[in-house]
Structure formats: C-alpha cells, structure tokens
Amino acid sequence: MGWRRFLPDEHWIEPALALILVGGMIRTMILLASNGYLPQPYFYDPADTWMDWFNTADWARDRGVYDSWGSVYAPLTLVFLRFFGWSQCYMGGGQDTSYYARACDWLGIFWLHAFYVLAIVIVAITYLKTHRRTALARSVALMIGLPMTSALERGNIILIAFICVALAFGPLLKTARMRWLALGLAINFKLYIVAALFPQLLRRRWRWFEGALLATIAIYLLTYGMLGRGSPGEIIHNIVGFTDVVQAGQFLDVLYAATYAPFMTLLNNQTFPITTLIGSKNVDVLLIVIPAMLRVTQLAIVAASVAAWLRPEVVPMHRLTNFGLCLALITAESGGYSLIFVIFFTFFERWQGIGRKWSIIACYLLCIQFDFIIDRAPPVVRETFFFNSATIINYYIMLGSFIRPAIFYSIPFALSLVTIGEVWKDIRVQGWKTRWRFRRDLPIMVGAGEARPPA
C-alpha cells in the first residue's frame, strides 16, 4: 500500500518513545537541581521525599502501628523495614520522628536505592530473555518512567513487591517453588497482588495456585510471629477504615492517580468549588460517564476471563495475570506508581494487531514524566527536602490528571478485546469442544504451544 510509506517504521516507534522519556527524565533532573523539588506530576509535597519508607519504618518500631496508626500493611513489610535500617535512628510513632529518621538512617536510603537498581537489572534481563529487539526501549520506559520513579521518590515498598512479582512471573527463576515463594512475598508486601494469583485457576494450574497460596500463608504466619501483631482482623479492620476515608478532600490529591476514584470524590465534595470551575452540567455528565467507563472496563476484563476459561491454551499467562491486577487496580485506587505492574506485564505483548499496539503505546504514555498545563492554582510556601529551605510552589491543573486514568483503563479494555477475538477465532476453527494441551515443563510466562515467553 502506497500510503504506508508515510507512516513511521514500526521498528523505530518504541525507540522514539523511549527517547522522549529520556528527554523527560533529563528535564526532571534539571528542574530538581534548579528548584530543589520534583515537578508535577510527582508528589505535591516537596518536603516529603522518601517518607513512605521512613514513616512506615518509624511506625514499624511502635506497638501502636495497627491500632494507633491504622496500618494496612501485613507484618512482612514492618519486619522488612526494621531489618533494613538503623533502629537507633527511630523513636517510633509520629511524623516528626520519622523526619528525623530520614536524616539519620543513611542505611535505609542506601537500601532503598539499591533495590531500585536491582529492579532495573531484573527488568533488563527479563526482557532480554523474552524479546531482545524491544528489550532496551521497554526497559528504559519502565525504569525511568513516571510510575517507577514516582515509587522511588515516595520510597514506597511497592519497589520490593515489584521485584518479587518480576521474579515470580518472569523467566529468571526456574523452579515452581521459588516462584511460589516470590509471589508469596509480593502478596505480603502489597495485599492487592493476590489478584495476580487467581488467574492461575483460568489455566487450571491447581497445584501452582495451591503452592503460592500456601507460601503466602506461611510467610504471613512467620512474620506475624516475629512481629507479634498484625492479625487478620486488625488488617481487615484497617483496610475497611482506610477505604472509608475521603481520599480526595483537596485538589492536590488528584494530581497523580491511577484511577478516577479521587476525582470522583472531588466531584462529590461540596467543599471544593469544582462546579463553579466547569459548570454543574459538566459535573453531572462526568458523574455518569466516569462510572460507566469503569464498569465497561471491568465487564470487558470479566468477559475476556470467561473466554480464557473456555480456551485457556489460546491466551498467554502473562495477559491473564495482567487482567487480574488491572481488575484490582481499577476497582480501588492504589496510587499512580501501582501502574508499574500493568506496564511490566503489558510489555510482554508482541507488537502486532491494533489492540496490542495501542496497549504498548499507552504504557509509554503512562511513563511520560512531564505534563501539559491547563490552569494554575494560587502559589503557596512549602519546605523543600533537597534544599532544606522554604520556597514558593506553583501548583498547576494538568491535562494528565484527567486523561491518565482513561489511558490506563484502555489497556485492559484493548487486551480484553484482543483475547475475545483470539478465542472466538479458535472456536470457529476448532469447534466448541475444549482442548487440554498443557505442558508441565513450560515456564509460567509461556502459553501452550509457544516456544518462549511472549514479548
């Protein structure tokens, strides 16, 4: 076709997108060096760098971590942070003492960045083993993109959970027991990762499901015994209480989110004058359209899962795992950095077909570290961590805050359509009779009939 000559070569699309991300990171570092804080859409408090790590580590040494602070972490996270840090730097139980710990505990800062480097190495090797041609671009996008660097800036334990997930579902671990252990650790670090376990049932991998579940329970019981607190009742009570708290009572909470949940709370929040900004009719439309987008995406994932149950050998395991995590992440807001799991699994897709191509491009878009300004909010005075001084901060209303969740929703939606189409094509050729063509020697990422993990 003559018109195809005017389209960019597909072999250069991903490297070009990766170069844009490199430029975005250079811009981010320049602004950090000149202003003393990371620009939007990174976390809005310039004095709070790494505090997810140190605030949790401080409370991990306080007996009131579950009843006073209301922690939603399983005991493993608290045991882990107590081990990877200087205990003498922590007084326990407060924001002020955790700020002191950040200035004192250089060992914690070292390990935080060491785990980030380890994640880079694991991702690079994983993609090199699955598809060498796209490995560099996709590794660069994931590791310097907004979700991963945002997780590093926050010092969130999701970095450790990500390493465990990459080991559990990547090609690096050869034995099933090691994969079960890695997934059990990941679930104990971030409880919503349990959604990555249930798709194993769609492939009738009963033993794998049972092994990983037992590993999860064993790790929990061991760390619960070590910590002496964190019973299932306490954790469930705190999770329910956490979800009942209004998370978007102010505009700044909407700046970087994975879903529209904070924005919906803002639309329903009468204390913020959003109606005067966009009009009551627009608010009414959004209150209908946004929940509809969520429900359509959820239904598409469920439909694709049912299709995969009918033809499990047609759908690659990495996509089913991705569906489980996407369903969990779009249902409950877990922060923009949680998109690292979706991007990691989506980058195992091959560059073919409209649905796969869009999903891959959408991942690159989610990794972009800069945004486009729509309007600005009144300036405020804030303390900065890197410069250790007060400065005037300008907060902006950014385009990405409104379209980033839609881009995320489009990934599982597009892959769901791809899955349904593949299953329907197989049924048309083979008939409705379900086939059982599983090989026990194939790694977890490999679907039946494939020679290697799809990338």
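Residues numbered from 1 in each chain as written. Predicted model: local features only at pLDDT ≥ 70, side-chain atom pairs only at ≥ 80, totals over all residues. Heavy atoms only, no water.

1. What to know about the packing of helix α3 (residues 75-83) against helix α10 (residues 206-227)
Packed helix pairs are characterised by how far apart their axes lie and by the angle those axes make with each other.
Right, so step 1: Interaxial distance between α3 and α10 falls to 8 Å at its minimum, and their mutual angle equals 55 degrees. Classed by the angle they form, the pair α3 and α10 counts as oblique. For the pair α3 and α10, the sense of crossing is left-handed. Touching Pro75, Leu76, Leu78, Val79 and Arg82 of α3 are Ile219, Tyr220, Thr223, Tyr224, Met226 and Leu227, all from α10.
Right, so step 2: Along the lines of polarity and charge, the residues of the contact of α3 with α10 split into nine nonpolar, one polar and one charged. (Axes fitted to C-alpha atoms, helices over the stretch in contact; angles between N-to-C directions. Helix = DSSP H or I, 4+ residues; strand = E, 2+ residues; numbered from the N terminus. Parallel < 35°, antiparallel > 145°, perpendicular 65-115°, else oblique. Left-handed = near helix turned anticlockwise from the far one by under 90°. Contact = heavy atoms within 4.5 Å. Nonpolar A, V, L, I, M, F, W, Y, C, P; charged D, E, K, R; others polar.)

2. Looking at the pattern of salt bridges
When charged atoms on two side chains of opposite charge get close, those side chains can pair.
Right, so step 1: Summed over the entire model, instances satisfying the criterion amount to ten salt bridges.
Right, so step 2: Note that Arg311 is salt-bridged to Asp426, the shortest N-O span being 2.6 Å. A residue pair is termed long-range when its members are at least 10 positions apart, and Arg311 in the loop between α14 (280-310) and α15 (317-331) and Asp426 in helix α18 (residues 400-430) qualify at 115 residues. Both residues of the pair, Arg311 and Asp426, belong to the buried class.
Right, so step 3: When salt bridges that share partners are traced, they join Asp48, Asp52, Glu153 and Arg154 into one network. (Salt bridge = Lys/Arg side-chain N within 4 Å of Asp/Glu carboxyl O. Buried < 20%, exposed > 50% of the residue type's maximum accessible area, 1.4 Å probe, protein only.)

3. Observations concerning the environment of Ser389
Right, so step 1: Tracing the chain through its elements places Ser389 in strand β3 (residues 389-393).
Right, so step 2: Judged by relative accessible area, Ser389 falls into the partly exposed class, the value being 29%.
Right, so step 3: Leave out the neighbours within four places in its chain, and Ser389 touches Arg382, Glu383 and Thr384.

4. A few points about the confidence of the model for the protein chain
Right, so step 1: Scored by pLDDT, the protein chain has a mean of 87; 87% of the residues are at 70 or more.
Right, so step 2: In the model, residues 437-455 has pLDDT below 50 throughout and makes 49 contacts with residues more than four positions away in sequence or in other chains. (pLDDT = per-residue confidence, 0-100.)

5. Looking at the pairing of strand β2 (residues 380-384)
Right, so step 1: Strand direction decides the pairing type here: β2 and β3, joined by five bridges, are antiparallel. Residue pairing in the sheet places Val381 in a bridge with Ile392 of β3.
Right, so step 2: In this structure, the hairpin formed by β2 and β3 is closed by a connection of four residues, where Asn388 is found at a positive phi of approximately 55 degrees. (Pairing = 2+ DSSP bridges.)

6. Structural notes on the packing of aromatic side chains
Right, so step 1: A complete count under the given rule lists 33 aromatic pairs for this structure.
Right, so step 2: Plain terms: the ring middles of Phe110 and Trp111 are 5.3 Å apart, the flat faces sit at 70 degrees to each other, and that makes the pair edge-to-face.
Right, so step 3: Geometrically, the ring pair formed by Phe162 and Phe344 is edge-to-face, given 5.4 Å between the ring centres and 80 degrees between the ring planes. In this pair, Phe162 sits in helix α8 (residues 158-169) while Phe344 sits in helix α16 (residues 339-346), placing the two residues 182 residues apart along the sequence. Like Phe162, the residue Phe344 is buried in the burial classification.
Right, so step 4: One aromatic cluster is present, built from ring pairs that chain together Tyr127, Phe162, Phe169, Tyr192, Trp208, Phe341, Phe344, Phe345, Phe347, Phe348 and Tyr364.
Right, so step 5: Directly above the aromatic system of Phe43 lies the positively charged group of Arg154, at a separation of 4.0 Å from the ring centroid. (Phe/Tyr/Trp six-rings, centres within 6.5 Å; stacked < 30°, edge-to-face > 60°. Lys NZ or Arg CZ within 6 Å of the ring centre and 35° of its normal.)

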